[in-house]
Amino acid sequence: MSRDLLLPAPTADQVRAARAAAGHSQAQAAAIMGYRRLDRISEAERGVGAIDPVRWTIYLLATEQHPKFRLVEQT
């Protein structure tokens, strides 16, 4: 994965803000990131857990919030 594409692990505030901007519940965000434990997002938002940088990057791409890249459909 390109270093420009992969983002560092987010802060609690970043997780909360991105989820709110996407209009997702914590369960929806966890599902998009591929977490089986739904409380992973709650933990991350409280600062007691961390989101893996790859999962974070995938979430931002999926919700069109990545600062540099967008997903586009191949033709």
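Look above for the structure.
This section reports on the structure supplied with the text. (Residues numbered from 1 in each chain as written. Predicted model: local features only at pLDDT ≥ 70, side-chain atom pairs only at ≥ 80, totals over all residues. Heavy atoms only, no water.)

1. Regarding the nonpolar core
1) Next: One finds Met33, Ile41, Ile51, Trp56 and Tyr59 to be the most contacted residues of the largest nonpolar core, which totals 13 residues.
2) Next: Those elements giving two or more residues to this core turn out to be α1 (12-22), α2 (26-33), α3 (39-46) and α4 (53-62).
3) Next: Filtering out sequence-adjacent residues up to four positions away, Tyr59 remains in contact with Ala18, Arg19, Ala22, His24, Ala29, Ile32, Met33 and Gln65. (Core = buried A, V, L, I, M, F, W, Y, C linked by side-chain atoms within 4.5 Å. Buried < 20%, exposed > 50% of the residue type's maximum accessible area, 1.4 Å probe, protein only. Helix = DSSP H or I, 4+ residues; strand = E, 2+ residues; numbered from the N terminus. Contact = heavy atoms within 4.5 Å.)

2. Overview of the pattern of salt bridges
1) Next: Within this structure, the stated rule accounts for four salt bridges.
2) Next: Between Arg19 and Glu45 there is a salt bridge, with the nearest N and O atoms lying 2.5 Å from each other. Separated by 26 residues along the polypeptide, Arg19 in helix α1 and Glu45 in helix α3 bring together distant segments of the chain.
3) Next: Residue classification places Glu45 among the buried residues on the basis of a relative accessible area of 7%.
4) Next: Through salt bridges that share partners, Arg37, Asp39 and Glu43 make up one connected network. (Salt bridge = Lys/Arg side-chain N within 4 Å of Asp/Glu carboxyl O.)

3. Some points on α2
1) Next: Looking at α2, one finds that the buried residues are Ala29, Ala30 and Met33. Taken down its axis, α2 places every buried residue within 100° of arc, on the same side.
2) Next: Next to the buried residues of α2 lie α1, α3 and α4.
3) Next: One or two positions beyond α2, positive phi appears at Gly34, with a value near 85°. (Arc of directions from axis to C-beta.)

4. Brief notes about the environment of Ile51
1) Next: Mapped onto the fold, Ile51 is located in the loop between α3 and α4.
2) Next: On a C-alpha basis, the gap between Ile51 and Arg40 in space is 7.8 Å, while along the polypeptide they are 11 residues apart.
3) Next: Ignoring any residue separated from it by four or fewer positions in sequence, one finds Ile51 in contact with Ala9, Pro10, Val15, Met33, Tyr35, Arg40, Ile41, Ala44 and Trp56.

Purely spatial values, then, with no claim about function.
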